[in-house]
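# Residue-level structural notes
Now for the letters of each chain:
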Amino acid sequence: MQVIETIAAFRAARSRYPRLGLVPTIGFLHEGHLSLVRRAKQECGAVAVSIFVNPTQFGANEDFTGYPRNMERDLSLLRDAQTDLVFTPTPAIVYPPGHDTGVEVGSVTSVLEGAVRPGHFRGVATVVCKLFNIVQPTRAYFGQKDAQQTIVITKMVRDLDMPLEVVICPTVREADGLAMSSRNSYLKVDERHAAAVLRRALAAAEARHAAGERSGEALRQVMRETLATEPMGVVEYVSIADRQSLTELDSVAADGALASMAVRIGKTRLIDNVILGA
Ligand code: AMP
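It should be emphasised that the depicted structure is a prediction, and the values quoted were computed from it without experimental measurement.

### Digging into the packing of helix α1 (residues 7–14) against helix α6 (residues 120–135)
Direction vectors running N to C along α1 and α6 enclose 50°, while the axes themselves pass 9 Å from each other. When the interaxial angle is binned, α1 and α6 end up oblique. From α1, Ile 7, Phe 10, Arg 11 and Arg 14 reach across to α6, where they touch Asn 133, Ile 134 and Val 135. Classifying every residue of the contact of α1 with α6 gives 4 nonpolar, 1 polar and 2 charged.

### Some details on the site of the ligand
In the region of the ligand, 16 residues are neighbours, and Ile 26, His 33, Asp 146, Val 172 and Met 180 sit closest. A distance of 3.0 Å is found between an oxygen atom of the ligand and a backbone nitrogen or oxygen belonging to Gly 143. Notes on the ligand: free accessible area 480 Å², of which the protein chains cover 92%. Listed by contribution, the elements that provide at least two residues to the shell around the ligand are β2 (21–25), α2 (31–44) and β5 (139–143). It is α2 that contributes the most residues to the shell around the ligand, 3 residues altogether. Across the shell around the ligand, the residue classes tally to 7 nonpolar, 7 polar and 2 charged.

### Brief notes about the packing of aromatic side chains
Inspection of the entire model under this criterion finds 5 aromatic pairs. Seen from their ring centres, Phe 52 and Tyr 95 are 6.2 Å apart, and the 45° between their planes marks the pair as tilted. Of this pair, Phe 52 sits in the loop between β3 (47–51) and α3 (71–80) while Tyr 95 sits in the loop between α4 (91–94) and α5 (113–116); the two residues are 43 residues apart in sequence, bridging distant segments of the chain. The burial state of Phe 52 is the same as that of Tyr 95; both residues are buried. Between Phe 58 and Phe 64, the ring centres sit 5.5 Å apart and the planes meet at 65°, which makes this aromatic pair edge-to-face. Grouping aromatic residues by their ring pairs yields a cluster made of Phe 58, Phe 64 and Tyr 67. Geometry around Phe 64 places Arg 69 over its ring, the cationic atom sitting 5.2 Å from the centre. Over the aromatic face of Phe 28 sits the side chain of Arg 73, whose NZ or CZ is 6.0 Å from the ring centroid.

### Brief notes about the sheet that holds strand β9 (residues 268–276)
In a beta sheet, neighbouring strands pair by backbone hydrogen bonds and run either parallel or antiparallel. With antiparallel pairing, the 3 strands of this open sheet are ordered in space as β7-β8-β9. For this open sheet the edge positions go to β7 (233–241) and β9, each flanked by a neighbour on one side alone. The average angle at which neighbouring strand axes cross in this sheet is 15°, direction not considered. Where β7 lies against strand β8 (residues 257–265), 8 bridges are found, and the strand directions are antiparallel. Residue pairing for β8: Val 234 is matched across the bridge by Arg 264.

### Let's talk about the pattern of salt bridges
A full pass over the atoms with the stated rule returns 19 salt bridges. Close ionic contact of Asp 84 with Lys 41 constitutes a salt bridge, the shortest N to O distance being 3.0 Å. Here Asp 84 is found in the loop between α3 and β4 (85–87), whereas its partner Lys 41 is found in helix α2, with 43 residues between them in sequence. On the basis of relative accessible area, Asp 84 is assigned to the buried category, the value being 16%. Lys 41 sits in the partly exposed class, given a relative accessible area of 23%. The network of salt bridges with common partners includes Arg 39, Glu 43, Arg 139 and Glu 165.

### Quick word on the nonpolar core
Grouped together as the largest cluster of nonpolar side chains are 42 residues, with contacts concentrated most on Phe 10, Leu 85, Val 128, Phe 132, Ile 153 and Met 156. Contributing elements (two or more residues each) for this core: α1, β4, α6, β5, α7 (147–159) and β8. Ranked by residues supplied to this core, first place goes to α6 with 10 residues. If we skip the residues at most four places from it in the chain, Met 156 touches Val 103, Val 105, Ala 125, Val 128, Cys 129, Phe 132 and Met 162. Grouped together as the second largest cluster of nonpolar side chains are 24 residues, Ala 194, Val 197, Leu 202 and Met 223 included.

### Overview of helix α10 (residues 216–228)
Between its first and last C-alpha atoms α10 spans 18 Å; for 13 residues at 1.5 Å apiece the expected length is 18 Å, and the two agree. Every buried residue of α10 is accounted for by Gly 216, Ala 218, Leu 219, Arg 220, Val 222, Met 223, Thr 226 and Leu 227. The secondary structure elements touched by the buried residues of α10 are α9 (197–210), β7, β8 and β9.

### Regarding the pairing of β5
In terms of residue burial, β5 counts as a mostly covered element, since 4 of its 5 residues are buried. Sheet analysis places β2 next to β5, joined by 2 bridges and oriented parallel. Opposite Leu 22, over in β5, you have Ala 140 as the bridge partner. With 5 bridges connecting them, β5 and strand β6 (residues 165–169) associate as parallel partners. Within β6, the residue paired with Tyr 141 across the bridge is Val 167. Crossover handedness for the path β5 to α7 to β6: right-handed.

Parameters and conventions
Residues numbered from 1 in each chain as written. Predicted model: local features only at pLDDT ≥ 70, side-chain atom pairs only at ≥ 80, totals over all residues. Heavy atoms only, no water. Axes fitted to C-alpha atoms, helices over the stretch in contact; angles between N-to-C directions. Helix = DSSP H or I, 4+ residues; strand = E, 2+ residues; numbered from the N terminus. Parallel < 35°, antiparallel > 145°, perpendicular 65-115°, else oblique. Contact = heavy atoms within 4.5 Å. Nonpolar A, V, L, I, M, F, W, Y, C, P; charged D, E, K, R; others polar. Near = heavy atom within 4 Å. Polar contact = N/O pair within 3.5 Å; in protein donor to acceptor, adjacent residues only side chain to side chain. Areas by Shrake-Rupley, 256 points an atom, 1.4 Å probe, with all protein chains shown as cover. Phe/Tyr/Trp six-rings, centres within 6.5 Å; stacked < 30°, edge-to-face > 60°. Buried < 20%, exposed > 50% of the residue type's maximum accessible area, 1.4 Å probe, protein only. Lys NZ or Arg CZ within 6 Å of the ring centre and 35° of its normal. Pairing = 2+ DSSP bridges. Salt bridge = Lys/Arg side-chain N within 4 Å of Asp/Glu carboxyl O. Core = buried A, V, L, I, M, F, W, Y, C linked by side-chain atoms within 4.5 Å. Expected span 1.5 Å × (residues − 1). Right-handed = clockwise from strand over helix to strand, strands pointing away.

Here it is, written out as structure tokens:
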């Protein structure tokens, strides 16, 4: 496994691989990230992972400085997962003085996470575009955990004719259903217990949808009611939205809907989602 900091050295190393999968991350890796790495390795024969805590995707009041970091542990996990290349640039390498270009993906970035975190998806799309240009992957792997991000990246690739395939992988969960996330490390013991309510709320919506409920508002209400059973949870949004446009649905069509939510437990902001009717 080669760990590379500069763009020139990465390009030189990349030229050895006819097919290469890419897994972009902001580090502090867990089994969710590793499931993407293993799939990329299996499908492409070689895998590159980027570890870059991208400052431009964090808002002014967000956790950029405090975001958990452990490069030594991350590299050890990646070595065990047979990673070929790890790209670990510094902010000065990604954003040299004078950098002043950004990628705006349009209306799918202004709702849900984008409404609560203005500028977040511009930061994500710009850095992922740069990573695609540097790494030139055959395929790039993203987790369903960040559902809106998968929609934004898929749209960027299509709209800008980027020559690669986007692969979306299932959300990996803890035993009680909590979606794995680097931010789960912020949770105190009682908060960690409370956090399982997100999965319960999604399961309640899944059950109601499976029983034939097609009203978007009724399904949102089921999620709100389940979330309300956990006093530590403060709901930011619950959504039943179209899977492509992310517009809120009055009624769920035959091809399903994206059920998603953001909930604060103490100081920690958690997101989760499922596709209804998948
Ligand atoms: P992050 O480091 O949080 O930016 O995540 C890097 C990639 O891993 C993104 O594509 C995430 O969607 C994905 N990912 C994060 N958590 C999970 C999870 N629990 N299951 C599957 N993929 C995940």
